[in-house]
Amino acid sequence: MIRTSTQNDLIRYIYQETDTEENIEIQTAAILNGSLAHELRELEQTVKSITAAERVPSESTIDKILSYSKSYDLHSLK
């Protein structure tokens, strides 16, 4: 029997946090339910967009952090 997949299940599926049985259930449900398949595709696109949007701090930001940490007197905390 195919259970209803929740959005949380789909997100777990996308991040490969589901077991084999859950994978089969979600894949089968997506084949049988066009709206679920559409939601799964949209969530996959969202995850790809989030991953692509991850940022790295600029060199000047890193330099400022390192400069601050070098100037900070750790012995003053004792």
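Now for a quick tour of the structure. (Residues numbered from 1 in each chain as written. Predicted model: local features only at pLDDT ≥ 70, side-chain atom pairs only at ≥ 80, totals over all residues. Heavy atoms only, no water.)

**Quick word on the packing of helix α1 (residues 7-14) against helix α3 (residues 34-52)**
Axis separation between α1 and α3 bottoms out at 10 Å; the angle between their running directions is 55°. Viewed along their axes, α1 and α3 adopt a mutual orientation that is oblique. Here α1 and α3 pass one another in a crossing that is right-handed. Note on element contacts: α3 touches α1 through L36, E39, L40, L43, E44 and V47, opposite Q7, L10, I11, Y13 and I14. In the contact of α1 with α3, the residues fall into eight nonpolar, one polar and two charged. (Axes fitted to C-alpha atoms, helices over the stretch in contact; angles between N-to-C directions. Helix = DSSP H or I, 4+ residues; strand = E, 2+ residues; numbered from the N terminus. Parallel < 35°, antiparallel > 145°, perpendicular 65-115°, else oblique. Left-handed = near helix turned anticlockwise from the far one by under 90°. Contact = heavy atoms within 4.5 Å. Nonpolar A, V, L, I, M, F, W, Y, C, P; charged D, E, K, R; others polar.)

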